[in-house]
Structures are given as structure tokens and as C-alpha cells.
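# Reading the structure
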Amino acid sequence: MAIGRRIPTALGSRAAPAPRSAGRTSAGELDALTLARARKGDAHAFRDLVLAYEGRVFGLVGRILGSSRRAHVEDVAQETFVKVHRGLSSFDPRGSARLSTWILTIATRTAVDLVRREKVTVALPEGLPSEQDIEATAAARVEAHQVERALAKLSPEHRAILALRAFHDLDYSEIAEALDLSVGTVKSRLARARTALRAAVEGDTHAS
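Throughout, a residue's number is its position along its own chain's written sequence, starting from 1. Restriction of local features to residues with pLDDT of at least 70 applies here, the model being predicted, together with a cutoff of 80 or more for giving and counting side-chain atom pairs; totals for whole chains, interfaces and linings are based on all residues. Based on all heavy atoms of the structure, the side-chain values leave hydrogens and waters out of the count.

On to the side chain of Asp31, then. Runs of H or I in DSSP of at least four residues are treated as helices and runs of E of at least two as strands, each being numbered from the N terminus. By secondary structure assignment, the location of Asp31 is in the loop between helix H1 (3-10) and helix H2 (32-39). Here Asp31 sits buried without a salt bridge, and the closest side chain of opposite charge, Arg37, lies 6.6 Å off (N-O distance). N or O atoms closer than or at 3.5 Å make up a polar contact, with two conditions inside protein: a donor-capable atom paired with an acceptor-capable one, and, for residues adjacent in sequence, both atoms drawn from side chains. Only 2.8 Å separates the side chain of Asp31 from the side chain of Thr34, close enough to count as a polar contact. Whether a residue is buried, partly exposed or exposed follows from its accessible area with a 1.4 Å probe, protein chains only, as a fraction of its type maximum: under 20%, in between, or over 50%, in that order. A residue counts as positive if it is Lys or Arg and as negative if it is Asp or Glu; His and the chain ends are not included. In what follows, salt bridge is the name for a side-chain nitrogen of Lys or Arg lying within 4 Å of a carboxyl oxygen of Asp or Glu.

Structural data, given as C-alpha cells:
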């Protein structure tokens, strides 16, 4: 069952149907009216919020957890939106953070927390950053599924930092907030993650 249909029921909401005026802005964010309704507890507006962001949440969580934890993706996405529902009234739409960034931050921390609870040891690979943008060059050189296979070989933290930058276009400060790191640490880890991804892509290409 799609998460967009599960969340309001799981949370026990029983609000009356709201006018179907939900949409997205040109930046891909939920429109202000629907967000305001969701923040006030309107179940149908929150359903629209879930439908607007679930694709990005599932994509990010899937990349962080990797293929070995694919069965946990829906659980983490579900938990993410439960946390969003609980904290939405405190989200300030006038603040510096976009709603998508706030939601993806929750998703990232929830996914990484799962990995940490399983006591997974993460080692940062050595190496200098590439002079080229690995996300763009890798996609140009190999098929998308090869890139996905290469991503799966990285640590969850590296997958998270690459996904937030390459697939969700968060800036360094937003990634730092999502991962609870300094901007300098984000930059150095992103460089190392790109190096690791290139090595995995090249290894996968040579093996094909």
C-alpha cells in the first residue's frame, strides 16, 4: 500500500475532507495554502504533503540504506512522515529552510540512525577529491544502473552526502544541518565520497 494512503490512517486522523486545492510551487514545494492547513492538523492536506514528497523521501532513504536493507526503506519512510506530522506545527515556513530540506533532513537522520543502531562500522576511504564532478561524469559514462550499483558499495554516510548533493541539490549548509556536521566536514567527506564512487564505478565498468 502506498505510503501516501497509509500515513493519515496510521496517525488516526479523522478530519473532514478539505478542498482539493493542493499543488506545488515552481520550485517543487508544497503550496502555502496546503502547508498552512497541514500545519493546523488537516488530514487531507497532510496526505497531499506526503504525496508531494514521498518520492524524494523514498529515493533518498533507498540510496542511504542500500540494497542490503531494501526491506527497511518503507519502514524508514513511514517513520519519517510520522516525525514530520508530529513536528510540522513547529516548522516555520518563513524561515531559511525549505520544507523539502526539512523533510529530507528528518529522512536522512532516521535512515542513518537505523544503520547506527545496527552497529555498522563506517570507514572513510583515503584519497584526493576528483577535479571533475563525479555525479555528472559517472552518469555520462555508464548506465544509470551501474551508478546505482556503485553507490550501493559505499558507506551509508557517503551515500547520504552524495544523494543530498547530487540528487536533491542541497547546498553545503543544508547538508551540514541534515547530517549534523560542520560545513568543512561536509566538503571533505563529499570529496572523499566522490573519490570512492569513482573507484566503485570504474571497478564496475572494468568488471562488465
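Mapped onto the elements of the fold, Thr80 is located in helix H4 (residues 73-87). Not counting the four nearest positions on each side in its chain, Thr80 is found in contact with Val57, Ile103, Ile106, Ala107 and Thr110. By definition in these notes, contact holds between two residues if any of their heavy atoms fall within 4.5 Å.

Under the criterion given, the structure shown has 4 salt bridges. Here Lys83 makes a salt bridge to Glu79, at a shortest N to O gap of 3.4 Å. Residue Lys83 and its partner Glu79 are both found in helix H4; the two are separated by 4 residues, about one turn of the helix. For Arg94, the salt bridge goes to Asp92, with nearest N and O atoms at 3.3 Å. We classify Arg94 as exposed; its relative accessible area is 75%.

The next point concerns the packing of helix H3 (residues 43-65) against helix H5 (residues 99-117). Two measures define how a pair of helices packs: the angle their axes make with one another and the distance between the axes. For helices, the fitted axis covers only the stretch in contact; all axes are lines through C-alpha atoms, and the angles between them, taken along N-to-C directions, range from 0 to 180 degrees. Running from N to C, H3 and H5 cross one another at 35°; their axes reach a closest spacing of 9 Å. As H3 runs across H5, the sense of the crossing is right-handed. On H5, the residues that touch Leu49, Tyr53, Arg56, Val57, Leu60, Val61, Ile64 and Leu65 of H3 are Leu99, Ser100, Ile103, Leu104, Ala107, Thr108, Ala111, Val112, Leu114 and Val115. Lys, Arg, Asp and Glu make up the charged group, whereas Ala, Val, Leu, Ile, Met, Phe, Trp, Tyr, Cys and Pro make up the nonpolar group; the residues left over, Gly among them, are polar. Tallied by class, the residues present in the contact of H3 with H5 amount to 15 nonpolar, 2 polar and 1 charged. The handedness criterion is simple: a crossing whose near helix is rotated anticlockwise from the far helix by less than a right angle is left-handed, and one whose near helix is rotated clockwise is right-handed.

We now examine the nonpolar core. The definition of a nonpolar core used throughout is a set of buried Ala, Val, Leu, Ile, Met, Phe, Trp, Tyr and Cys residues joined through side-chain atoms within 4.5 Å. Counting 48 residues, the largest nonpolar core has Leu49 and Leu99 as the members making the most contacts within it. For this core, the elements supplying multiple residues, two or more each, are H2, H3, H4, H5, helix H8 (156-167), helix H9 (172-179) and helix H10 (183-207). Leu99 has contacts with Glu29, Leu30, Leu35, Leu49, Tyr53, Leu88 and Phe91, leaving out every residue within four places of it along the chain.

For the rest of this paragraph, the subject is H8. For H8, with 12 residues, the first-to-last C-alpha span of 15 Å sits near the 16 Å given by 1.5 Å per residue. When you tally the buried positions in H8, you get 9 out of 12 residues, the bulk of the element. Burial in H8 covers these residues: Pro156, Glu157, His158, Arg159, Ala160, Ile161, Leu162, Ala163 and Leu164. A positive phi of about 55° marks Asp169, the residue just after H8. Here, expected helix span is obtained from the residue count minus one, scaled by 1.5 Å.

On to the confidence of the model for the protein chain. Values of pLDDT, the confidence the predictor places in each residue, fall between 0 and 100. Per-residue pLDDT for the protein chain has a mean of 75; in total, 68% of the residues score no lower than 70. pLDDT under 50 marks residues 8-22. Its contacts with residues more than four places away, or in other chains, come to 25 contacts. Every residue in residues 120-132 is under pLDDT 50, and counting partners more than four places away or in other chains gives 20 contacts.

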